[in-house]
Amino acid sequence: MVGLVLVAVAAGLVVGDDWLWVAVNWSPPLFMDFYAPDGFDLLTTFALVAAGVLKAALLWLILRTPKTGPLDRREKALRFLLYVAVAEALVLWYPASLLPDEVYLSFGLALWTAIDVLYLLVIRWRSTALRAAAGVISAALLAAMAGDLLDELDLLELHLSAPVQMALVVSGAAGILLTVTGQRRDGRWSPGTLIAGYLALAVYLMVIPLQYFDAASENLVILVLWDALALVHTVWLAATAREMPTEERGPTPSPPLRPAVRAAVASVALLPVIVVIHPEHTPHFTYSGWESDCYDRPNFGDLKPAERDATFLCLARSVDDGFAPMFPETASDQEILAYGQSLCRAEDREEQESILERAGSERASWGVDPWDLVYICPEIIGATRPELLRSTEETKAAHRAYVAEQNARCRDPWPRTRGVVQATANYSLFADGDYGYFVHDPDDSGDSAERATDAIYDDGTQIGVHGSAVLVGHLEDVIDLCLTVKAFRTAPPKRLAGWHQVTEVPVISRTGRLTVPERGEHGDAGADAPMPNLAIAGKGRYRVRVYVRLTEADEEHLVVVFPGASRKRLKLKH
């Protein structure tokens, strides 16, 4: 195997860059066009050859025959799992990377959980403090892996601050150091295995600072060397599995830990935990205002209690709308939450503005809306605005109930005159003012809608017509009206009695469709029920007769459509 690697590297120098890459990195040259579009330069070629020779030597150490000797069940399980980890590092990593991320992360979490537990059980630590320290470090690292898996499954997303991330980095180094120390005190492992462990720690510490430089992650030479040096850790794992039997070497007890050493071990174990914990008076700055998670506003009912403060902090620091944040960037999380509670208890807008001015906000004159404050004081906001406490599903259900109620109040004004197709529904207009609604050919790509809008006030009927669009205005300043549409094959009787205004206008359907817009799930205007195609005769000219009347409760419209070639505009009643 080692000879094959060296032969492949030599062949790569002759055959070409792609083969050299495969021979050294043991993976397809998928990113060659990105890293080396013009081929390898002399330095990169030299680095690849050196890395190939180094990996061949390390591979020889990894593939050495395991020692024979008695093993109990735990030791057999640990040896097997360590060789699985070795196989994953050498050859299985590429096919495993093609699996879904959640599957790959689950495999890694299960594998290293079992290995870490067996480390604690198999290694003869000869010190309760040393074993406990190793257990704490393992638990911290496994918790981080579990967090990545939960994030990938969209079950829980943990926002790790920079100190927490640094604590995990320290934990990784501490875990290697404590395990090698345990192996040394156990006595079963040779000096070569211990040296491999210390070298793995050195490589780990050497690579950490390089990860913080963007240029390093894009430098092909550095990437090649990283890949080669990563095998040092694999050498240590393989040697640990190989030398586990005790047939040739009995345990050599080490002297008990001295108090100073005990203190050092405890410090290594507790340092990551101490770094994570901040005193309450230390300012926290969880979100910068540019976090992608802060762009969407979740419904209050969808959040767990622990997520509500974080959502308010997102909104308070957000600048994605192009305006200044609610609070200055220098305000800590604790200050923002305290000011938020004061805003909840403010009796009026003026008091809110005063609180924001004290906080140094550039938006003091805006005040704060209840849909922002509901996340930190739901008991106060919910007392007057209970709808803000709903979940997404509750909001949708409430909207469906409202739409059903609005539609139920609307009645067909011609119940005994059935059209070929017809519908009755509530029509919602824009709350800030709307011209009305269209009876139009929605598939016509012309400018009929714009020109019909321009003509709506031409003759006082508030009906604008052009080409394939009829814009019907409303008489009163309303946001809802009752609309009935009916299509007939011939002109129905006029029946003007009981209506305040009746107008008949021409329209053309160029595609065989005439309809009224419907309101979608997120729409602000449109009919609250499906509207039929009123062009029942296909493409051609039609007449649209619009009946309008006002009642004590509503404004009611009846739209009658039937084929007709006339282009006259008739005011049947005005």
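Residues numbered from 1 in each chain as written. Predicted model: local features only at pLDDT ≥ 70, side-chain atom pairs only at ≥ 80, totals over all residues. Heavy atoms only, no water.

## Remarks on the nonpolar core
Next up, step 1: Formed by 42 residues in total, the largest nonpolar core has its most connected members in Leu78, Leu82 and Ile115.
Next up, step 2: Among the secondary structure elements, those contributing two or more residues to this core are α4 (42–62), α5 (73–97), α6 (101–122), α7 (128–152), α8 (162–186), α9 (191–210) and α12 (231–242). (Core = buried A, V, L, I, M, F, W, Y, C linked by side-chain atoms within 4.5 Å. Buried < 20%, exposed > 50% of the residue type's maximum accessible area, 1.4 Å probe, protein only. Helix = DSSP H or I, 4+ residues; strand = E, 2+ residues; numbered from the N terminus.)

## Regarding the environment of Ala23
Next up, step 1: Along the chain, the position of Ala23 falls in helix α2 (residues 17–25).
Next up, step 2: When its relative accessible area of 7% is taken as the criterion, Ala23 is described as buried.
Next up, step 3: For the pair Ala23 and Val49, spaced 26 residues apart in the sequence, the C-alpha separation amounts to 9.5 Å.

## Let's talk about a negative patch on the surface
Next up, step 1: Residues Asp101, Glu102, Asp148, Asp151, Glu152 and Asp154 make up a contiguous surface patch of negative charge.
Next up, step 2: Breaking the negative patch down by element, the ones donating at least two residues are α6 and α7.
Next up, step 3: Broken down by element, the negative patch gets its largest block of residues, three residues, from α7.
Next up, step 4: Following the sequence through the fold, Glu152 ends up in helix α7. (Patch = residues over 30% accessible without salt bridge, like charges linked within 9 Å, V, L, I, M, F, W, Y side chains within 5 Å. Areas by Shrake-Rupley, 256 points an atom, 1.4 Å probe, with all protein chains shown as cover. Salt bridge = Lys/Arg side-chain N within 4 Å of Asp/Glu carboxyl O. Lys, Arg positive; Asp, Glu negative; His and termini not counted. Charge placed at Lys NZ, Arg CZ, Asp CG, Glu CD.)

## Notes on the sheet that holds strand β2 (residues 436–440)
Next up, step 1: One open sheet holds the three strands; their spatial order is β2-β4-β3, and the pairing between them is antiparallel. Every other strand in the sheet has two partners, leaving β2 and β3 (463–466) as the edge strands with one partner each. Each strand of the sheet is rotated relative to its neighbour by a mean of 15°, with strand direction disregarded.
Next up, step 2: With four bridges joining them, β3 and strand β4 (residues 469–473) adopt antiparallel strand pairing. Paired with Gly464 across the bridge in β4 is Leu471. (Pairing = 2+ DSSP bridges. Axes fitted to C-alpha atoms, helices over the stretch in contact; angles between N-to-C directions.)

## Some details on unusual backbone geometry
Next up, step 1: Although it is not a glycine, Arg126 sits at a positive phi angle of roughly 60°.
Next up, step 2: Mapped onto the elements, Arg126 comes out in the loop between α6 and α7.
Next up, step 3: The class of Arg126 is partly exposed, set by a relative accessible area of 36%.

## Regarding the sheet that holds strand β5 (residues 480–487)
Next up, step 1: Across the sheet, seven strands lie side by side as β7-β1-β5-β9-β8-β6-β10; this open sheet has mixed pairing. Edge positions in the sheet fall to β7 (526–527) and β10 (570–573), since each of these pairs with one other strand and no more.

## A word on helix α16 (residues 349–359)
Next up, step 1: Turning to α16, its buried residues are Gln352, Ile355, Leu356 and Ala359. All buried residues of α16 fall inside an arc of 95° around its axis, so they share one side. Turned more than 90 degrees away from the buried face of α16, the exposed residues are Glu350, Glu357 and Arg358.
Next up, step 2: Between the side-chain oxygen of the N-cap and the backbone nitrogen of Glu350 there are 3.3 Å, and the N-cap of α16 in question is Asp348.
Next up, step 3: Positive phi appears at Gly360, one or two residues downstream of α16, with a value of about 85°. (Arc of directions from axis to C-beta. Polar contact = N/O pair within 3.5 Å; in protein donor to acceptor, adjacent residues only side chain to side chain.)

## What to know about the packing of aromatic side chains
Note on aromatic pairs: each is described by the distance of the centres and the angle between the planes.
Next up, step 1: With the rule as written, the count across this model stands at five aromatic pairs.
Next up, step 2: Ring centres 5.9 Å apart and planes at 20° place the aromatic pair Phe327 and Tyr339 in the stacked group. One end of the pair, Phe327, is in the loop between α14 (305–317) and α15 (333–345); the other, Tyr339, is in helix α15, and twelve residues separate them in sequence.
Next up, step 3: Members of the aromatic cluster, joined through ring pairs, are Trp414, Trp499 and Tyr547.
Next up, step 4: Positioned over the ring face of Trp414 is Arg495, at 5.1 Å from the centre of the ring. (Phe/Tyr/Trp six-rings, centres within 6.5 Å; stacked < 30°, edge-to-face > 60°. Lys NZ or Arg CZ within 6 Å of the ring centre and 35° of its normal.)

## Some words on the state of the cysteines
Defined simply, a disulfide is a covalent bond joining two cysteines at their sulfur atoms.
Next up, step 1: This model, assessed by the stated rule, comprises two disulfides.
Next up, step 2: Here Cys344 is linked by a disulfide to Cys377, with a sulfur-sulfur distance of 1.8 Å. Note on the Cys344 and Cys377 pair: the S-S dihedral is about -80°, so by sign convention the disulfide is left-handed. One end of the pair, Cys344, is in helix α15; the other, Cys377, is in the loop between α17 (370–373) and α18 (378–384), with 33 residues separating them in the sequence.
Next up, step 3: Cys410 shares a disulfide with Cys482; S-S distance 2.1 Å. (Disulfide = S-S within 2.5 Å.)

## Looking at α14
Next up, step 1: Residues of α14 that are buried include every one of Thr311, Phe312, Leu313, Cys314, Leu315, Ala316 and Arg317, and no others.
Next up, step 2: On the buried face of α14, the contacting elements are α15 and α17. (Contact = heavy atoms within 4.5 Å.)

## Some thoughts on the environment of Trp125
Next up, step 1: Looking at where Trp125 falls in the secondary structure, it is placed in the loop between α6 and α7.
Next up, step 2: With relative accessibility at 1%, the residue Trp125 sits in the buried group.
Next up, step 3: If we ignore the near neighbours within four places in the chain, the residues touching Trp125 are Tyr119, Leu120, Leu130, Arg131, Ala134, Leu178, Thr179, Gly182 and Arg185.
Next up, step 4: Within the local environment of Trp125, its side chain forms a polar contact with the backbone oxygen of Tyr119, the two atoms lying 3.4 Å apart.

## A short note on the pattern of salt bridges
Next up, step 1: Taken as a whole, this structure holds 16 salt bridges when the rule is applied.
Next up, step 2: Arg569 is paired through a salt bridge with Asp459; the nearest N and O atoms lie 2.5 Å apart. With Arg569 in the loop between β9 (555–563) and β10 and Asp459 in the loop between α20 (448–454) and β3, the pair connects residues that are 110 residues apart, well separated along the chain.
Next up, step 3: The exposure class assigned to Asp459 is partly exposed, which follows from its relative accessible area of 22%.
Next up, step 4: What emerges from the salt-bridge pattern is a single network uniting Glu75, Asp186 and Arg188.

Keep in mind these numbers describe shape, not what the thing actually does.
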